[in-house]
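Fold and geometry: a report
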Amino acid sequence: MDRQARLTFIASGLDLNEKGCSLSWEFIFILPERNVNVVLSLEPDPQSEDVDGSPCILIQRINQAAAIDASRPTLPDGFRDSPDVVAEFIAHGVDFVAGPSDIKLEGRVLPSGEAVWVTYYWDQEYSTSFLPKCG
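Residues numbered from 1 in each chain as written. Predicted model: local features only at pLDDT ≥ 70, side-chain atom pairs only at ≥ 80, totals over all residues. Heavy atoms only, no water.

Re the nonpolar core
Quick note on the threshold: The criterion is simple. A nonpolar core is a set of buried Ala, Val, Leu, Ile, Met, Phe, Trp, Tyr and Cys residues joined through side-chain atoms within 4.5 Å. Type-normalised accessible area, obtained with a 1.4 Å probe on protein chains alone, sets the label of each residue: buried when under 20%, exposed when over 50%, and partly exposed for intermediate values. In this description a helix means any DSSP run of H or I spanning at least four residues, a strand means any run of E spanning at least two, and both kinds are numbered starting from the N terminus. Contact definition: two residues touch when any of their heavy atoms are within 4.5 Å.
Within the largest apolar cluster, 18 residues are counted, with the highest numbers of intra-cluster contacts made by Ile10, Leu75, Phe89, Val94, Phe96 and Leu105. Listed by contribution, the elements that provide at least two residues to this core are strand S1 (6-12), helix H1 (82-91) and strand S6 (115-121). Apart from residues lying up to four places away in sequence, Val94 is in contact with Phe89, Ile103, Thr119, Tyr121 and Tyr126.

A word on the pattern of salt bridges
Filter applied, for reference: Each salt bridge in this description consists of a side-chain nitrogen of Lys or Arg and a carboxyl oxygen of Asp or Glu lying within 4 Å of one another.
This structure, assessed with the given rule, holds six salt bridges. Among the salt bridges present, the one from Glu26 reaches Arg61, with a minimum N-O distance of 3.0 Å. Of this pair, Glu26 sits in strand S2 (residues 25-31) while Arg61 sits in strand S4 (residues 56-64), placing them 35 residues apart in sequence. Looking at Glu26, the relative accessible area reads 26%, which means it is partly exposed.

Regarding the sheet that holds strand S3 (residues 36-44)
Formally: Between any two strands, pairing holds if DSSP finds at least two bridges. Each axis is a line fitted through C-alpha atoms, taken for helices only over the stretch in contact, and angles between the N-to-C directions span 0 to 180 degrees.
Spatial ordering of the open sheet is given by S4-S3-S2-S1-S5-S6-S7, a layout of seven strands whose pairing is antiparallel. In the strand order of this sheet, the two ends are held by S4 and strand S7 (124-129), each with one partner. The sheet shows a mean angle of 25° between the axes of neighbouring strands, taken without regard to direction. The pairing of S1 with strand S5 (residues 106-109) spans three bridges and is antiparallel.

Structure representation (structure tokens):
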């Protein structure tokens, strides 16, 4: 749709588990050539009786943007996968098994320009680098 498309946000569903798996994921892109925001959602087919065995469906929502700022920060191409990120959060005390049942993972760019993975656990925000660790 746009060769200049840039990823700005990733979020798991509220069912993120201790392995970094979620049944649903959402991705937000800006498409500057078309002056739109696109939200792509992957989730189980709601018509399926077996959520775990259901094929994924892709839902696409396109929203016209008043004006897209070309300098808006976007996520880098390379990133740490969710199992690695969740393992780090577990090492810092986040409990994806016995803790709150609505934990999710977000990949976003902070106002400082730093790309991070974020989760919330008992009213505390945990964050770590979005980028793969060197070495």
